[in-house]
Amino acid sequence: MKKLLFSLSMVAVTSLTAQGSDKILAKVNGKPITESQLKEVLKGLPAKYNSVKNNPQFQSQVLNSLINQELLYQEAKKEGIEKNAKVQRQIKEAKEQILINALLEKHLKVSKVKVSDKEARAFYEKNKKRFTDANSKQISFEAVKPFIVQSLEQQKRRQLLSASLNRYIEKLKKENKVEILK
């Protein structure tokens, strides 16, 4: 539930503002929470929530989370929390990270990776001891193949992303003035 609330808060912070005839679903001390905001939050939820996104009861829970978040935000503003030096530093760091993530998303594209049956089989053979059940009985390649393929695809994507990131950073270093003053 904490992860869902965090996801909701991150999406809500970046959600759309009210426009024109956007239906107002709730008000918190006069500040509207709109249908487009709710839809934006629902759209931004992880895939595991796809089956319940259209459920009115779930949507009501998400709306309630938006209301709670707005209440907490307004209270933090009222108490002057944002003026605290530690909070200012955290806001600055969060803003920098958001900008960096957006930059990387814009410039680093990893193409679809494929794992061949041969690669999956080789991984299975090399790590056969890892694929046993609770009774130490060998699990067949076919039974674990989807897991192996998924794991190897993730590994390949991470490697490609890392290489792409390193190339991008090297390009930026060449185009900019970087001084190391040890």
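Remember, predicted model here, so these are calculated numbers, not experimental data. For every chain, the first residue of the written sequence is number 1, and numbering continues from 1 onward in sequence order. Under the rules for a predicted model, residues below a pLDDT of 70 receive no local features and side-chain atom pairs below 80 are neither given nor counted, while totals for whole chains, interfaces and linings still include all residues. Calculated side-chain values reflect all of the structure's heavy atoms, with hydrogen atoms and water omitted.

A. How the structure looks around the packing of helix α5 (residues 117–126) against helix α6 (residues 141–175). The interhelical angle for the contact between α5 and α6, taken along N-to-C directions, is 105 degrees, at an axis separation of 9 Å. On the basis of the axis angle, α5 is roughly perpendicular to α6. Of the residues in α6, those touching α5 at Asp117, Glu119, Ala120, Arg121, Phe123 and Tyr124 are Phe141, Glu142, Val144, Lys145, Ile148, Val149, Leu152 and Lys156. As a working rule, the residues Ala, Val, Leu, Ile, Met, Phe, Trp, Tyr, Cys and Pro are called nonpolar, Asp, Glu, Lys and Arg charged, and the rest polar, with Gly in that last group. Here the contact of α5 with α6 is composed, by residue class, of eight nonpolar, no polar and six charged. For helices, the fitted axis covers only the stretch in contact; all axes are lines through C-alpha atoms, and the angles between them, taken along N-to-C directions, range from 0 to 180 degrees. The helix and strand labels rest on DSSP assignments: H or I over at least four residues marks a helix, E over at least two residues marks a strand, and numbering proceeds from the N terminus. The cut-offs work like this: below 35 degrees is roughly parallel, past 145 is roughly antiparallel, 65 to 115 is roughly perpendicular, and the gaps in between are oblique. Working rule for contacts: check all heavy atoms of both residues, and any pair within 4.5 Å makes them a contact.

B. Examining the packing of helix α2 (residues 35–44) against helix α3 (residues 56–78) more closely. Look at α2 against α3: their axes get within 10 Å of each other, and the N-to-C directions meet at 110 degrees. One way to sum up the angle between α2 and α3 is to call them roughly perpendicular. Residue-level contacts link Leu38, Val41 and Leu42 of α2 to Phe58, Gln59, Val62, Leu63 and Leu66 of α3. For the contact of α2 with α3, the per-class residue count stands at seven nonpolar, one polar and no charged.

C. Spotlight on the pairing of strand β2 (residues 31–34). By the bridge criterion, four bridges tie strand β1 (residues 24–28) to β2 in an arrangement that is antiparallel. By the bridge assignment for β2, valine 28 is matched with lysine 31. Here β1 hands over to β2 after two residues, with asparagine 29 in that stretch at a positive phi of 50 degrees. Strands qualify as paired when DSSP identifies two bridges or more between them.

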